[in-house]
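This is what each chain is made of:
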Amino acid sequence: MTTEELPSSAAGPAPDTTSTRPGRGKLRIYLGAAPGVGKTYAMLNEAHRRLERGTDVVVGLVETHGRARTEALLDGLEVVPRRVVEYRGAQFAELDVDGVLARRPEVVLVDELAHTNVPGTGSEKRWQDVERLLDAGIEVLSTVNIQHLESLNDVVQTITGVPQRETVPDEVVRAADQVELVDIAPEALRRRMAHGNVYPADRVDAALGNYFRVGNLTALRELALLWLAGKVDEQLDRYRADHGIDSTWETRERVVVALTGGPEGDTLIRRAARIAARNTGADLLAVHVMHADGLTDANPANLSRQRILVENLGGTYHQVVGDDVPRALLTFAKAENATQLVLGASRRGRLARILASGTGVTTTALSGSIDVHMVTHEQIGRGRRRLPRLSAGLTLRRRLYGAATAAVLLPLLTLVLADLRGSLNLTSDVLLFLLAIVAVALVGGVWPAVAAAVAGSLLLNYYFVPPLHEFTIAERNNAFAIVAFVAVALMVSAVVDLAARRTSQAARATAQAEVLSTAAGDVLRGERALPALLDRVRETFGMTSVTLLERDPDAGAGSASAERTGPLGRVSAAPAQNGSMAGRSGWRVVATSGTQPCARPEEGDTEVPIDDLALVLRGRVLPAEDRRVLAAFAAQAVVALRQRRLAEAAAEAGPLAEADRTRTALLAAVSHDLRSPLASAKAAVTALRSPGVQWKDAERAELLATADESLDQLTRLVNNLLDMSRLQAGALAVHPAPIGVDDVLPAVLAELGPASRAVQLRLPDDLPELYADPVLLERIMANLIGNALRHSPAGRPPLVSASTLGDRVELRVVDRGPGVREADWQRIFVPFQRLGDTDNTTGVGLGLALSRGLAEAMGGTLEPENTPGGGLTMVLSLTAAAVPALPRPEEVIEG
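Everything numeric here is computed off the predicted structure, so don't read it as measured data.

Chemist: What is the right way to look at the overall build of the chain in this model?
Modeler: Scanning the chain from terminus to terminus reveals 26 helices and 27 strands. Looking at the 895 residues of the chain, the share that counts as buried comes to 43%. Long-range contacts, defined here as pairs at least 24 residues apart, represent 72% of the contacts in the chain between residues at least 6 apart. Surface summary for the chain: the accessible area is close to 44,900 Å², and the carbon and sulfur share equals 55%.

Now the structure itself:
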């Protein structure tokens, strides 16, 4: 399968370059997830297609790795001879860049872009040679695997365990004119390898068992697809920007939900999630618009809870800044290429909706191609909480200072202006009084300034407006001046007070944000999330104690313990104070910080109720502004408590469920599997002891053999049951020591009897020793080889091979039997599980479960794999006692 980036030659034949080829040449890269997917094959096919159309194509360098079908495609193509370089007494063939430049073809094929050149060739990397060819105006076709990209180097090493020494910078590949993904399913690639189409036969088993595992190939394939998808998105965004396209292109459904911090947000989020769920692969984004000054009347507790809800539903939460909410929403939605926008119906009253259209109507009118959903909710028409009153901007002391300033400044200014009455006119007097009012407003805010404006107007009227010393005004112009003076004074006072209030709110918002950020960091960095939160609340607000209470369903029972089962589950917490009083109060302490914790909400100075919980603070009464931050703390405390209780419940329920399953399976197995060998042994012994029967020697020997075999089988079953019980109880003794595989297998094969003579062994001479318990390792290998013998068809015996991977040794037991579906791989490790096998004479289904448990007890793993061509391969991985020198990774996975 081929997936090609936009714009792609898939839409039609690529135009041929002219003989002069002005400017830089084009670069086309064939990207693959792993060696063997067909990158070089696809590149050679493209070369033949270009050649048939009359394009001058040459092969600069192509690595066939001995693959016959790839080599066949070189026929008919001109090949530029390689440059031979001597290095440390050996000869290496590299790309002859000068030869290609002298030949000057229109198109040149250069394989393996990430290759490191031999010292002495000029450029360190092959991609640098390609840059020279591109600068000369030559079009280049090249190949690269996803593991060779610099940004993914460490990721690939984590997945495969193999470091990549040959890399190419991502920008080189991203700058290519075309990137074509050559894709193949992991199973198909493994079949291709098993058929010998990728590596020679002697390297197939090691490759399939190490780098080319299904899991590795699947992960590499996903990396390649995601990397190419990111490049396609970048190119699409660049194309839209270059062409000035602002409209939404519905390449993927993206649903944006707007949140105001109101209680209706939960309803909107769930509705948007349902809309996104109707479209496979749709994205859910929640956005909250903050004012440019950083001030908002949104409830932080609601926003915190709604953010958690969005993330739990698989979405992402965002905050943007903007004074024009509809335009800010649409700017965000268009930047995210959103297709649908979910808004809540307006909470404003009927009169407010008549006077102004509102956010929803404006957003819908400006949305363009974005679908806007107006969702109804229970808060419609209930109004929105207003901002605090103007008087809340300054403190009482500031207002008293302002009143004192007015009381001193206005009489003093009147005396001074009275002495200067002959030099100044009324206009100057009004301006000076206005200046005094501004000074009062700066000191005391709006109300002292209003009082000063009224007093100043009276003083102007009495002392400076004709007729003097009377509260009358003779001329209309003077009356207008007095009115304008009062209006200007009031407006200036309001502006000053508003600025002071906004400054105070901004400082408080900054402090609140820092507090919440610090609290979140404490929770994330520590394992004690709930105690850390309560400690932070107590320190932030300077309280004596902070207590999280929960309604006690056992109220009246007189229990003094706070450890009970509540609506959120079970938690171990501090004991309730005051003995049985806490029980009779109907509340119990979940967690506390500080001294003198509260046993009831009534005992505290501040309380924040949340469902059946209450966060109670003792020390002082908090103002309304601090209660908003406290509500956010309370919401985080509830989430921390719920997560802790869910984790504890899961930890308690898991072993109980597993024990119950084991108990049920054990009873079912004992009822038949253990009874059968007992019955056989009993029958044989009873027959031998029968006084009325004279047994021949051969018959007696047969009965004794039957009894012996039955008792041996019973012994093995009982030993397996005992070992499994020790594993589950954690009481199995493990004594690891260095031991060679060739020291273990002879004893195992001897234990399995004559049937084991057909088992094939393939062990490297330089295989290091294992660090394992010899007795347990024999038990594991006996179980695995015994299973393989039972399921292998006639003429196709099991194979036991070994290889190294990093600091571990992997033993493989390969059979060619019917195999096991991948969906049932984990079931075969469940105790007493035979996957429908009706043969109950061979055991109770403990072999693989016990083998995995023994392997894990020694620090190893036991995993199944599909055998190429049919069958099942069991892979036992254990730590190597000594790791020999490994070949270079590129020698193992080259191609």
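Chemist: Is there a simple way to explain helix α7 (residues 186-194) in this structure?
Modeler: For an α-helix, 3.6 residues make a turn, and residues three or four places apart therefore share a direction. Turning to α7, its buried residues number three or more, namely Pro186, Leu189, Arg190 and Met193. Across the axial projection of α7, the buried residues extend over an arc of 100 degrees, all falling on one side.

Chemist: Honestly, the nonpolar core in this entry has me stumped. Any pointers?
Modeler: Nonpolar side chains in soluble globular proteins tend to end up buried together. Leu109, Ile146, Val168 and Phe212 are the most contacted members of the largest nonpolar core, which totals 64 residues. Per-element accounting of this core gives the leading share, six residues, to helix α9 (residues 214-242). Leaving out residues up to four positions away in the same chain, Phe212 has contacts with Ala34, Pro35, Leu189, Arg190, Met193, Tyr199, Ala207 and Leu217. Core analysis: the second largest hydrophobic core is formed by 38 residues, Leu745, Val748, Ala802 and Leu862 among them.

Chemist: Hey, could you run me through the environment of Pro609 in this one?
Modeler: Considering the arrangement of structural elements, one finds Pro609 in strand β19 (residues 606-610). Spatially, the C-alpha atom of Pro609 lies 8.4 Å from that of Ala634, the residues being 25 residues apart in sequence.

Chemist: Where do I start with unusual backbone geometry in this structure?
Modeler: Residues other than glycine predominantly adopt negative phi, and peptide bonds predominantly adopt the trans conformation. Non-glycine residue His65 carries a positive phi angle of around 55 degrees. Take His65: it is sitting in the loop between β3 (57-61) and α2 (68-72). In this structure His65 comes out as partly exposed when scored by relative accessible area, which is 30%. In this structure, Arg104 is a non-glycine residue whose phi angle is positive, near 50 degrees.

Chemist: Please clarify how the environment of Pro466 should be interpreted in this entry.
Modeler: Locating Pro466 in the fold gives a position in the loop between α17 (446-463) and α18 (476-525). On a C-alpha basis, the gap between Pro466 and Leu426 in space is 9.8 Å, while along the polypeptide they are 40 residues apart.

Chemist: Help me out: how do you make sense of the pairing of strand β2 (residues 27-32) in this one?
Modeler: The side chains of a regular strand alternate, first on one face of the sheet and then on the other. The buried fraction of β2 is high, at six of six residues. Residues Leu27, Ile29 and Leu31 of β2 are buried on one face, and the alternating residues Arg28, Tyr30 and Gly32, pointing to the opposite face, are buried as well. Where β2 meets strand β9 (residues 178-182), five bridges bridge the pair, whose relative direction is parallel. Within β9, the position partnered with Ile29 by the bridge is Val179.

What counts and how
Residues numbered from 1 in each chain as written. Predicted model: local features only at pLDDT ≥ 70, side-chain atom pairs only at ≥ 80, totals over all residues. Heavy atoms only, no water. Helix = DSSP H or I, 4+ residues; strand = E, 2+ residues; numbered from the N terminus. Buried < 20%, exposed > 50% of the residue type's maximum accessible area, 1.4 Å probe, protein only. Contact = heavy atoms within 4.5 Å. Areas by Shrake-Rupley, 256 points an atom, 1.4 Å probe, with all protein chains shown as cover. Arc of directions from axis to C-beta. Core = buried A, V, L, I, M, F, W, Y, C linked by side-chain atoms within 4.5 Å. Pairing = 2+ DSSP bridges.

So, to be careful, I would describe these as geometric facts and stop short of saying anything about function.
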